[in-house]
Amino acid sequence: EYAATNYINSLNNVLISSLQTNNITASEYYLKKLDELHAELSSEHDKKQAFISSLFGLKYLFQTKNYAKANTLTHKIIKELPAYENSLRLIDKTDFYANIFSNFFYAGNYHKAVFWLNKIRNFETPKFAKEYFYNIFPITYLITHYEAGADKEFLNSLFQSTYRKIKDTILVFKLETIFKD
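Residues numbered from 1 in each chain as written. Predicted model: local features only at pLDDT ≥ 70, side-chain atom pairs only at ≥ 80, totals over all residues. Heavy atoms only, no water.

Caption draft 1: Spotlight on the packing of aromatic side chains. Tallied over the full model, the rule gives twelve aromatic pairs. Plain terms: the ring middles of Tyr-29 and Tyr-30 are 5.1 Å apart, the flat faces sit at 75° to each other, and that makes the pair edge-to-face. Assessed through its relative accessible area of 23%, Tyr-30 is described here as partly exposed. When the centroid spacing of 6.4 Å and the interplanar angle of 45° are considered together, the rings of Phe-62 and Tyr-67 count as tilted. The class of Tyr-67 is partly exposed, set by a relative accessible area of 40%. One aromatic cluster in this structure is built from Phe-62, Tyr-67, Phe-101, Phe-105, Tyr-106 and Tyr-110. (Phe/Tyr/Trp six-rings, centres within 6.5 Å; stacked < 30°, edge-to-face > 60°. Buried < 20%, exposed > 50% of the residue type's maximum accessible area, 1.4 Å probe, protein only.)

Dropping the structure here:
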């Protein structure tokens, strides 16, 4: 079991490295190895580690613009998520939710995208992620609700709330330019 865990962790590390360096060939190779390994795992810990690896697969599919496969993998992740969700670290949970949101947003399924944004909003995010979400989340939330067809009264309220949250940052100037044009 110890050897399997080390092997999975090693594969994850080289996969992360290949994704960060945009080495598509290496990414495909390590994803294939992780996929083959998944069927042979017996311990719950190793299965969880392999599940976390599926997030890297999703990132790879986004990186290579293979949105059809990303959508398929997203639905697989959503089916498996309840088995591992409570034992995931907050950073992993945030990463899963954000990537699932991204999949639905890019696919034009804005109502499901709003659902996953709400999941991010409604749980305790890691401290370093809060800084990111403080700046980008309100704008993302506003745009996603707009795309989902929210009524004008709600959007107006959401815009005012968003403006209050980001008025002290440079982002407000970009937001004003977008809405004026």
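Caption draft 2: Region of interest: helix α6 (residues 110-121). The end-to-end C-alpha separation of α6 is 16 Å, in line with the 16 Å expected for twelve residues at 1.5 Å each. Those residues of α6 lying buried are Ala-113, Val-114, Trp-116, Leu-117 and Ile-120. Projected onto a plane normal to the axis of α6, the buried residues spread over an arc of 165° and lie on a single side. (Helix = DSSP H or I, 4+ residues; strand = E, 2+ residues; numbered from the N terminus. Expected span 1.5 Å × (residues − 1). Arc of directions from axis to C-beta.)

Caption draft 3: Molecular detail of the packing of helix α4 (residues 67-84) against helix α5 (residues 90-106). In the contact formed by α4 and α5, the axes pass within 10 Å of each other and the chain directions differ by 135°. Comparing the axis directions of α4 and α5 gives the class oblique. As for how α4 packs across α5, the hand of that crossing is left-handed. On α5, the residues touching Tyr-67, Ala-70, Asn-71, Thr-74, His-75, Ile-77, Ile-78 and Leu-81 of α4 are Phe-96, Tyr-97, Ile-100, Asn-103 and Phe-104. Taken together, the residues of the contact of α4 with α5 sort by class into nine nonpolar, four polar and no charged. (Axes fitted to C-alpha atoms, helices over the stretch in contact; angles between N-to-C directions. Parallel < 35°, antiparallel > 145°, perpendicular 65-115°, else oblique. Left-handed = near helix turned anticlockwise from the far one by under 90°. Contact = heavy atoms within 4.5 Å. Nonpolar A, V, L, I, M, F, W, Y, C, P; charged D, E, K, R; others polar.)

Caption draft 4: Representation of α5 within the structure. For α5, spanning 17 residues, the distance from its first C-alpha to its last is 24 Å, which sits close to the expected 24 Å at 1.5 Å a residue. Within α5, the full set of buried residues consists of Asp-92, Lys-93, Thr-94, Phe-96, Tyr-97, Asn-99, Ile-100, Phe-101, Ser-102, Asn-103 and Phe-104. Looking one or two places after α5, you find Gly-108, whose phi comes out positive at around 80°.

Caption draft 5: Up close: the packing of helix α3 (residues 44-63) against α5. Relative to each other, α3 and α5 sit at 35°, their axes nearing to 11 Å. Every pair of crossing elements has a handedness; the one defined by α3 and α5 is left-handed. Every residue of α5 that contacts α3 at Phe-51, Ile-52, Ser-54, Leu-55, Leu-58, Lys-59 and Phe-62 is listed here: Asp-92, Asp-95, Phe-96, Asn-99, Ser-102, Asn-103 and Tyr-106. Across the contact of α3 with α5, the residue classes tally to seven nonpolar, four polar and three charged.

Caption draft 6: The arrangement of the pattern of salt bridges in detail. Enumeration according to the criterion identifies four salt bridges in this entry. In this structure, the salt-bridge partner of Lys-47 is Glu-44, at a minimum N-O distance of 4.0 Å. One end of the pair, Lys-47, and the other, Glu-44, are both in helix α3, three residues apart, so they sit about a helical turn from each other. The salt bridge involving Lys-59 is made with Asp-95; its shortest N-O contact spans 2.8 Å. Within this pair, whereas Lys-59 is found in helix α3, its partner Asp-95 is found in helix α5, the two being separated by 36 residues in sequence. By relative accessible area, which is 27% here, Lys-59 ends up partly exposed. Given a relative accessible area of 23%, Asp-95 falls into the partly exposed group. (Salt bridge = Lys/Arg side-chain N within 4 Å of Asp/Glu carboxyl O.)

Caption draft 7: Seen up close, the nonpolar core. The biggest cluster of nonpolar side chains holds 38 residues, and the ones touching the most others in it are Phe-51, Ile-77, Leu-81, Phe-96 and Trp-116. If you list the elements that add at least two residues to this core, you get α1 (2-20), α2 (24-38), α3, α4, α5, α6, α7 (127-147) and α8 (152-166). No other element matches α3, which puts nine residues into this core. When near neighbours in sequence (up to four residues on either side) are disregarded, Ile-77 contacts Phe-51, Ser-54, Leu-58, Phe-96 and Ile-100. (Core = buried A, V, L, I, M, F, W, Y, C linked by side-chain atoms within 4.5 Å.)

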